[in-house]
Amino acid sequence: FLKFGLEQFLHGYFMANYIRLSKTQLPEIYNLLPPVAEKFGIEAPEFYLQMDPTPNAYTTGDERRFIVVTSGLLEHITDVKERESIIAHECGHIVCR
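These lines cover the structure that appears in this document, whether it is placed above or below. This one's a predicted model, so the numbers in the text were calculated from it and none came from an experiment. (Residues numbered from 1 in each chain as written. Predicted model: local features only at pLDDT ≥ 70, side-chain atom pairs only at ≥ 80, totals over all residues. Heavy atoms only, no water.)

### Describing the state of the cysteines
Working step 1: Per the counting criterion, the structure on display carries 0 disulfides.
Working step 2: Left unpaired, C91 is separated from the closest cysteine sulfur, that of C96, by 11 Å. (Disulfide = S-S within 2.5 Å.)

What follows is the structure in structure tokens.
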């Protein structure tokens, strides 16, 4: 299903509507991802921030993988170890496909 264009659609949607995190864009959040991805033995997926007060995080994609966290989650979860755990959970979805 993803190969029939959903991934391309989601990438465009995320780029247009969410904030893509990087070493220069909200690095205090982004920099939590690479060490976790390395521990899982995967390439760091694209990482997005969705402006939504509902605490949530999700992963999607097969060929092109994305992790999304909401602003509500970051507002409620301020402990770095807890944030790393959430990212690790999402990376686990990638590993398990």
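Now that the structure is up, let's keep going.
### Here's the deal with the nonpolar core
Working step 1: By size, the foremost hydrophobic cluster in this structure holds 18 residues, and its most contacted members are L33, F47, V69 and I87.
Working step 2: The biggest single contributor to this core is helix 5 (residues 80-96), with 4 residues.
Working step 3: With residues near it in sequence (within four places) discarded, I87 still touches L32, L33, V36, F47 and I67.
Working step 4: Of all hydrophobic cores here, the second largest spans 6 residues; its members include F14, Y48, F66 and V68. (Core = buried A, V, L, I, M, F, W, Y, C linked by side-chain atoms within 4.5 Å. Buried < 20%, exposed > 50% of the residue type's maximum accessible area, 1.4 Å probe, protein only. Helix = DSSP H or I, 4+ residues; strand = E, 2+ residues; numbered from the N terminus. Contact = heavy atoms within 4.5 Å.)

### Description of the environment of M51
Working step 1: One can find M51 in the loop between strand 2 (46-50) and strand 3 (57-60).
Working step 2: Owing to a relative accessible area of 58%, M51 belongs among the exposed residues under this scheme.
Working step 3: C-alpha separation for the pair M51 and G72, spaced 21 residues apart in sequence, amounts to 7.6 Å.

### Notes on helix 3 (residues 33-40)
Working step 1: Looking at helix 3, one finds that the buried residues are L33, V36 and A37. Considered in projection along helix 3, the buried side chains sweep an arc of 100° and stay on one side of the axis. Facing away from the buried side of helix 3 by over 90 degrees, the exposed positions are E38 and K39.
Working step 2: Those residues of helix 3 hidden inside the fold are in contact with helix 2 (27-30), strand 2, strand 4 (66-70) and helix 5.
Working step 3: Note on helix 3: the residue one or two positions beyond its end, G41, has a positive phi of about 75°. (Arc of directions from axis to C-beta.)

### Regarding the sheet that holds strand 2
Working step 1: With respect to topology, 4 strands assemble into an open sheet ordered 1-2-4-3, the strand pairing being mixed. Edge positions in the open sheet fall to strand 1 (19-20) and strand 3, since each of these has one partner strand only.
Working step 2: Bridge count for strand 1 against strand 2 is 2 bridges, and the pairing is antiparallel. What sits directly across from R20, in strand 2, is Y48.
Working step 3: Where helix 5 meets the sheet, its contacts fall on strand 2, strand 3 and strand 4, and the angle it forms with strand 3 comes to roughly 25°. (Pairing = 2+ DSSP bridges. Axes fitted to C-alpha atoms, helices over the stretch in contact; angles between N-to-C directions.)

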